[in-house]
Amino acid sequence: MQLKHFSLMLLILIAWAFNAVAIKWGVNEAPPLFLTSLRFLIVALVLVPFTRVTREQIPLILKLSISFGLMHFSMLFVGMTYTDAGTAAMIVQLGTPFAMLGAVVFLREKLYLINIFGLLLSLAGMIVLSGSPTLSSVKGIVILLVSALGWAITNLLIKNDSKLSPYTMTGWVSLFSFPVTSCMSLYFEKNQLTDIHNASWHLWLSLLYSALVCSVLAYSLWGGLLRKYDVNKIIPYTLLSPVFALLLGITIDNDEINILKCSGSIMIISGAFLSTLNVRFSRKEPVKV
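**Quick word on the overall build of the protein chain**
In step 1: Helix and strand content of the protein chain: 13 helices and 0 strands.
In step 2: Its helices and strands in sequence order give the protein chain the pattern α-α-α-α-α-α-α-α-α-α-α-α-α, from N to C terminus.
In step 3: Its C-alpha atoms put the protein chain at 65 × 50 × 40 Å along the principal axes.
In step 4: Across the 289 residues that make up the protein chain, the buried fraction comes to 50%.
In step 5: In the protein chain, 91% of the contacts between residues at least 6 apart in sequence involve partners at least 24 apart.
In step 6: Taken as a whole, the protein chain presents about 14400 Å² of accessible surface, with 68% of it coming from carbon and sulfur.

**Side note on the nonpolar core**
If you look at soluble globular proteins, the nonpolar side chains tend to sit buried side by side.
In step 1: Formed by 61 residues in total, the largest nonpolar core has its most connected members in F18, L35, M80, I91 and L203.
In step 2: Here this core takes 12 residues from helix α1 (residues 3-27), the largest share from any one element.
In step 3: Apart from residues lying up to four places away in sequence, F18 is in contact with W25, Y209, L248 and I252.

**Quick word on the packing of helix α3 (residues 58-79) against helix α8 (residues 166-188)**
In step 1: Between α3 and α8, the shortest axis-to-axis distance is 8 Å and the interhelical angle comes to 60 degrees. What the angle tells us is that α3 and α8 run oblique. Crossing hand, α3 versus α8: right-handed. For the pair formed by α3 and α8, the contact residues are I58, I61, L62, L64, S65, F68, G69, L70 and S74 on the first element and M169, W172, V173, F176, S177, V180, T181 and M184 on the second.
In step 2: When the residues that make up the contact of α3 with α8 are grouped by side-chain class, the tally is 12 nonpolar, 5 polar and no charged.

**Quick look at the environment of K190**
In step 1: Along the polypeptide, K190 turns up in the loop between α8 and α9 (192-197).
In step 2: In this structure the C-alpha to C-alpha distance between K190 and W222, which are 32 residues apart in sequence, comes to 37 Å.
In step 3: The residues contacting K190, other than those within four sequence positions of it, are P31 and D195.

**As for the packing of helix α2 (residues 32-47) against α3**
In helix packing, the relevant descriptors are the interaxial angle and the interaxial distance, both defined with respect to the helix axes.
In step 1: Packing of α2 against α3 brings their axes to within 8 Å, and their N-to-C directions diverge by 130 degrees. Comparing the axis directions of α2 and α3 gives the class oblique. When the axes of α2 and α3 are compared, the crossing they make is right-handed. Facing α2, whose interface residues are P32, L33, L35, T36, R39 and F40, α3 presents G69, F73, S74, F77 and V78.
In step 2: Classifying every residue of the contact of α2 with α3 by side-chain character gives 7 nonpolar, 3 polar and 1 charged.

**Let's talk about the side chain of S147**
In step 1: Assignment of secondary structure puts S147 in helix α7 (residues 138-160).
In step 2: Ignoring any residue separated from it by four or fewer positions in sequence, one finds S147 in contact with M71, H72, M75, L76 and V92.

**Focus on the packing of aromatic side chains**
In step 1: Enumeration according to the criterion identifies 8 aromatic pairs in this entry.
In step 2: Between the aromatic rings of W25 and W201, the centroid separation amounts to 5.9 Å while the plane-to-plane angle is 75 degrees, which identifies the pairing as edge-to-face. You can see W25 sitting in helix α1 and its partner W201 sitting in helix α10 (residues 201-228), a full 176 residues away along the chain.
In step 3: With centroids separated by 5.1 Å and ring planes inclined at 80 degrees, the aromatic side chains of F68 and F73 adopt a geometry described as edge-to-face. No difference in accessibility class separates F68 from F73, as the two residues are buried.
In step 4: One aromatic cluster in this structure is built from F18, W25, W201 and Y209.
In step 5: When the ring centre of F73 is taken as reference, the NZ or CZ atom of R39 above it lies at 3.9 Å.

Thresholds applied
- Residues numbered from 1 in each chain as written.
- Predicted model: local features only at pLDDT ≥ 70, side-chain atom pairs only at ≥ 80, totals over all residues.
- Heavy atoms only, no water.
- Helix = DSSP H or I, 4+ residues; strand = E, 2+ residues; numbered from the N terminus.
- Buried < 20%, exposed > 50% of the residue type's maximum accessible area, 1.4 Å probe, protein only.
- Contact = heavy atoms within 4.5 Å.
- Areas by Shrake-Rupley, 256 points an atom, 1.4 Å probe, with all protein chains shown as cover.
- Core = buried A, V, L, I, M, F, W, Y, C linked by side-chain atoms within 4.5 Å.
- Axes fitted to C-alpha atoms, helices over the stretch in contact; angles between N-to-C directions.
- Parallel < 35°, antiparallel > 145°, perpendicular 65-115°, else oblique.
- Left-handed = near helix turned anticlockwise from the far one by under 90°.
- Nonpolar A, V, L, I, M, F, W, Y, C, P; charged D, E, K, R; others polar.
- Phe/Tyr/Trp six-rings, centres within 6.5 Å; stacked < 30°, edge-to-face > 60°.
- Lys NZ or Arg CZ within 6 Å of the ring centre and 35° of its normal.

Printed below as a string of structure tokens:
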């Protein structure tokens, strides 16, 4: 990989990592579901006018609005109210081994012993991380695991039907998700308009950054890299994003650091990396489920 492309990739990963910090700023000042709804609205307004979908693509978009919009993004925003940015990013990273396991079960893909070890290591890391004082709520753990599961399901849906372009998917999924999260906010939350009126620049930066910089700009740059290099050569680097999120949270927000948080994070990232390897160390057939 050329140095300029490697540098661009690192900037994209840092941009995605800072998104966790930005979301944390936002949910500190406004209800998370309401904030998610505003994010979906901004993305839809920016992308939908320039993209088109066919009638045949509507069912997939509806499914993605549940897995990506409702499960992943909404639960990520809600989960951020229970812990710090770095811890949340680490838990959501479990979406990688979840997706690998789902590909075996539903898409009949191969799973090698090293992948199984990676899955188990990630789950063990989650257990270690759950003992950290930064993640003391079982409810918060469950919500963030749902977000990770939503990310995994989204990847499986896209892999099974990849005709949607990234911009089309992001824009129209946001459009379909907006009314759902808005209704949920109206039912479960209160004082939304008051919080918005009293919000500081942190909230507005959170919204604009998450919607425009993270989803629109970084996504387009990443798509350019995917067109230049093999997927298997750059996807493993995405595991650096939660590491950057952890470091940014400690540096910018003075997030707590402790041995359980560090150990659990290392185990999750290492396990996620091993679960993506397409390697076997013997002549035995890969495991099939």
